[in-house]
Amino acid sequence: VQLQASGGGLVQTGGSLRLSCTVSGGRFSIVTNYMSWHRQAPGKEREWIGRITPGTTTDYGDSVKGRFSISRDIAKNTMYLQMNDLRPEDTAVYYCRGTRGSANYWGQGTQVTVSS
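Residues numbered from 1 in each chain as written. Predicted model: local features only at pLDDT ≥ 70, side-chain atom pairs only at ≥ 80, totals over all residues. Heavy atoms only, no water.

Is there a simple way to think about the side chain of Arg72 in this case?
Topologically, Arg72 is positioned in strand β7 (residues 68-73). Of the side chains with opposite charge, Asp73 comes closest to the buried, unpaired Arg72, at an N-O distance of 8.7 Å. One polar contact links the side chain of Arg72 to the main-chain carbonyl oxygen of Ile30, over a distance of 3.2 Å. At 3.2 Å, the side chain of Arg72 and the backbone oxygen of Pro54 are in polar contact. When neighbours within four sequence positions are excluded, Arg72 is seen to be in contact with Ile30, Val31, Ile52, Thr53, Pro54, Thr56, Thr78, Met79 and Tyr80. (Helix = DSSP H or I, 4+ residues; strand = E, 2+ residues; numbered from the N terminus. Buried < 20%, exposed > 50% of the residue type's maximum accessible area, 1.4 Å probe, protein only. Lys, Arg positive; Asp, Glu negative; His and termini not counted. Salt bridge = Lys/Arg side-chain N within 4 Å of Asp/Glu carboxyl O. Polar contact = N/O pair within 3.5 Å; in protein donor to acceptor, adjacent residues only side chain to side chain. Contact = heavy atoms within 4.5 Å.)

Can you help me understand the state of the cysteines in this one?
Considering all chains together, one arrives at one disulfide under this definition. Paired by a disulfide, Cys21 and Cys96 hold their sulfur atoms 2.1 Å apart. Residues Cys21 and Cys96 share a disulfide whose torsion about the S-S bond is about 75°; that sign makes it right-handed. Of this pair, Cys21 sits in strand β3 (residues 17-24) while Cys96 is found in strand β9 (residues 92-100), placing the two residues 75 residues apart along the sequence. You can call Cys21 buried: its relative accessible area is 0%. Cys96 sits in the buried class, given a relative accessible area of 0%. (Disulfide = S-S within 2.5 Å.)

I would appreciate a short explanation of the environment of Lys65 in the present structure.
Among the secondary structure elements, Lys65 is positioned in the loop between β6 (58-60) and β7. For the pair Lys65 and Ile49, spaced 16 residues apart in sequence, the C-alpha to C-alpha distance is 8.7 Å.

What is the right way to read the nonpolar core from this model?
It is characteristic of soluble globular proteins that their nonpolar side chains tend to be buried jointly. Counting residues in each nonpolar core, the largest one holds 27 residues, and the members touching the most others are Met35, Trp37, Phe68, Met79, Leu81, Met83 and Tyr94. In terms of residue count, β3 provides more of this core than any other element does, four residues in total. When neighbours within four sequence positions are excluded, Met79 is seen to be in contact with Leu19, Ser20, Cys21, Ile30, Met35, Ser36, Trp37, Ile52, Ile70, Ser71, Arg72 and Cys96. (Core = buried A, V, L, I, M, F, W, Y, C linked by side-chain atoms within 4.5 Å.)

Written out as structure tokens, the structure is:
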């Protein structure tokens, strides 16, 4: 199972970015498994941002609630993270994860930098 995260970059405060996470291999479907986003800022622990369940329920961490949203494209086996009203404290490497049973599969991370 491979997860490919993309879409990171440099953006000004208040701007928006959309990250993508495409899953391939291992007959892993984003329809039947849990998908989530996480991030890690320099010197900090990895933080859970939010998830989308097989039933398309979404949950978010308090730090991003109301600004970030998770969606998916079944045909592309891809999950998205729409990030609005970005702040300097959102600067981090963003990771996607797929969970199937007790197994977790991580993407390689994509850097998001928000300038003040």
